[in-house]
Amino acid sequence: MKALDFRSDTVTHPTPAMREAMFRAEVGDDVYQDDPTTNRLEEIAAEMLGMEAALFVPSGTMGNQLALMTHTRRGDEAIVSINSHIFEHEVGAAAGLSGLNLHPLQFPDGIYDASQIEKAVRSTDIHEPPTTLICLENALANGRVVPLKTMQDIQKMAKERDILLHMDGARLFNAAIALGLDVKQLTACVDSVSCCLSKGLCAPIGSVLCGSAEFILRARKNRKMLGGGMRQTGILAAAGILSLTEMTKRLKEDHENARYLAELLSRIPGVSVDTESVQINMVFATMDWPELDQLQPWLEEKNVRIGAYTGPEVRFVTHYGVTAEDVEHLAGLLAEFHKSRVSG
Ligand SMILES: *Cc1c(COP(=O)(O)O)cnc(C)c1O
């Protein structure tokens, strides 16, 4: 049985076509901006995401942090969701690197609300930090997508108040597919967007940060300051080009497999899945099981990896390399584990 990994879509490996493209990639020195493959990736990213310019960065975290640093000044305030990657999973970098005051808001199901954000915007009172940036995520880390109308309402409110908008689009293409939109319709709502090439899009390393030409020029300098100025990046960009031009076309398979998994899981006793919440390639199942902590090592022995959860919520992520049969195999194993614990 092949090894299966449902922990995340970050575990995807470069495809054979990517390895071939990496082998053949024409390279230069990207700090001198003469790496032709990286320049090509940045052109393609800007074009596909409907922005003037793009910058290749080593990680999604750096893409987000460059956006924060480039859009704001020290002591500014940025509004974020309390569950966002920027607030929860970037090691406090907004404060550590850019001196930002993050203002976290909690939204039902994580879905933003323009009027709730508007209420959190600071006044010009001498005591208050200026709100200069709002950060949105789409798709959300809880597997849901933010409707276009919500994005547009926030854009309108932000524009009236002269506040910039950054979108953490780590899974931007997943969001667009789930919403039945072109990514450009989502990115048209914001001033900058970062998008991971290394998750479901299978590149080994890297993200792109996109925005106006003037913004990217300043972000490029900040990237150098953070030590993210890299040299023969064409080796990586060659894979990233295929992420955008090829791998974006197959993401809907991952969404279908996630929905299929949700359906199979909900037939197992003690498991409940809110199928409404399965909108991209992630399934969050509530597993009210005894000895749930033993599930991960038990699966590991059978060559199937999941995150280490103590329950009751368990996340499964589908991606390139995981087929409908693999999803059936996982569901079968989960049913077997449950049976062995309840009757055995
Ligand atoms: C994965 C992810 C990132 C970036 O993560 P890196 O590991 O730094 O590439 C940013 N935002 C969200 C929502 C993510 O899921």
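The model shown is predicted, which means the values in this text are computed figures rather than measured ones.

Calculation notes
- Residues numbered from 1 in each chain as written.
- Predicted model: local features only at pLDDT ≥ 70, side-chain atom pairs only at ≥ 80, totals over all residues.
- Heavy atoms only, no water.
- 1 Å grid on protein atoms, 1.4 Å probe; cavity = no way out; pocket = protein on both sides within 12 Å on 5 of 7 lines; lining within 4 Å.
- Points joined across faces, edges and corners; volume = space filled by probe spheres on them.
- Helix = DSSP H or I, 4+ residues; strand = E, 2+ residues; numbered from the N terminus.
- Nonpolar A, V, L, I, M, F, W, Y, C, P; charged D, E, K, R; others polar.
- Near = heavy atom within 4 Å.
- Polar contact = N/O pair within 3.5 Å; in protein donor to acceptor, adjacent residues only side chain to side chain.
- Areas by Shrake-Rupley, 256 points an atom, 1.4 Å probe, with all protein chains shown as cover.
- Expected span 1.5 Å × (residues − 1).
- Contact = heavy atoms within 4.5 Å.
- Buried < 20%, exposed > 50% of the residue type's maximum accessible area, 1.4 Å probe, protein only.
- Pairing = 2+ DSSP bridges.

1. Structural notes on the layout of surface pockets
Argument step 1. Estimates place the volume of the largest pocket at around 480 Å³.
Argument step 2. Taken together, 22 residues line the largest pocket, and the ones lying closest to its centre are N83, H89, E137, A141 and N142.
Argument step 3. Elements supplying a minimum of two residues to the lining of the largest pocket: α4 (85–88) and β10 (282–287).
Argument step 4. Residue classes in the lining of the largest pocket are distributed as seven nonpolar, nine polar and six charged.
Argument step 5. Roughly 210 Å³ of volume is contained in the second largest pocket.
Argument step 6. Forming the boundary of the second largest pocket are K2, A3, L4, D5, V11, T12, H13, H319, Y320, G321 and V322.

2. A closer look at the site of the ligand
Argument step 1. Around the ligand sit S59, G60, T61, N64, H85, E137, D168, A170, R171 and K199, and those are all the residues in its vicinity.
Argument step 2. The contact in question runs from an oxygen atom of the ligand to an N or O atom on the backbone of G60, over 2.8 Å.
Argument step 3. With respect to the ligand, the side chain of T61 contributes an N or O atom lying 2.5 Å from an oxygen atom.
Argument step 4. Notes on the ligand: free accessible area 390 Å², of which the protein chains cover 80%.
Argument step 5. Take the shell around the ligand: its biggest share by element is three residues, from helix α3 (residues 60–71).

3. A few points about empty space enclosed by the protein
Argument step 1. Overall, the coordinates contain two cavities of 30 Å³ or more when judged by the stated rule.
Argument step 2. Volume-wise, the largest cavity comes out at about 60 Å³.
Argument step 3. Every residue lining the largest cavity is listed: A170, R171, L172, F173, N174, C195, C196, K199, G200, L201 and L251.
Argument step 4. Listed by contribution, the elements that provide at least two residues to the lining of the largest cavity are α8 (172–179) and β7 (192–196).
Argument step 5. Looking at the lining of the largest cavity, the element that brings in the most residues is α8, giving three residues.
Argument step 6. Residue classes in the lining of the largest cavity are distributed as seven nonpolar, two polar and two charged.
Argument step 7. Of the volumes computed, that of the second largest cavity is approximately 30 Å³.
Argument step 8. Lining of the second largest cavity is provided by L292, L295, Q296, I306, G307, Y309 and V314.
Argument step 9. Taken together, the residues of the lining of the second largest cavity break down into five nonpolar, two polar and no charged.

4. Looking at helix α12 (residues 251–265)
Argument step 1. For α12, spanning 15 residues, the distance from its first C-alpha to its last is 21 Å, which sits close to the expected 21 Å at 1.5 Å a residue.
Argument step 2. Of the surrounding secondary structure, the elements contacted by the buried residues of α12 are α8, β9 (271–273), β10, β12 (313–317) and α14 (324–343).

5. Quick notes on the environment of S115
Argument step 1. Residue position: S115 is located in helix α6 (residues 114–120).
Argument step 2. For S115 and T275, which are 160 residues apart along the polypeptide, the C-alpha to C-alpha distance reads 28 Å.

6. Side note on the pairing of strand β3 (residues 77–81)
Argument step 1. Of all five residues in β3, five are buried, a share of seventy percent or more.
Argument step 2. With burial as the criterion, each face of β3 is covered, one bearing E77, I79 and S81 and the other bearing A78 and V80.
Argument step 3. As paired strands, β3 and strand β4 (residues 101–105) are joined by five bridges and run parallel to one another. Bridging from a neighbouring strand, I79 pairs with H103 of β4.
Argument step 4. With three bridges joining them, β3 and strand β5 (residues 131–137) adopt parallel strand pairing.

7. Details of helix α10 (residues 213–225)
Argument step 1. With 13 residues, α10 should reach 18 Å at 1.5 Å per residue; the first-to-last C-alpha distance of 19 Å fits that figure.
Argument step 2. Among all positions in α10, only F215, I216, A219, R220, N222 and R223 are buried.
Argument step 3. Considering only its buried residues, α10 is in contact with α2 (36–48), β2 (53–57), α3, β7 and β8 (207–211).
Argument step 4. Positive backbone phi, at 85°, marks G227, one or two positions downstream of α10.

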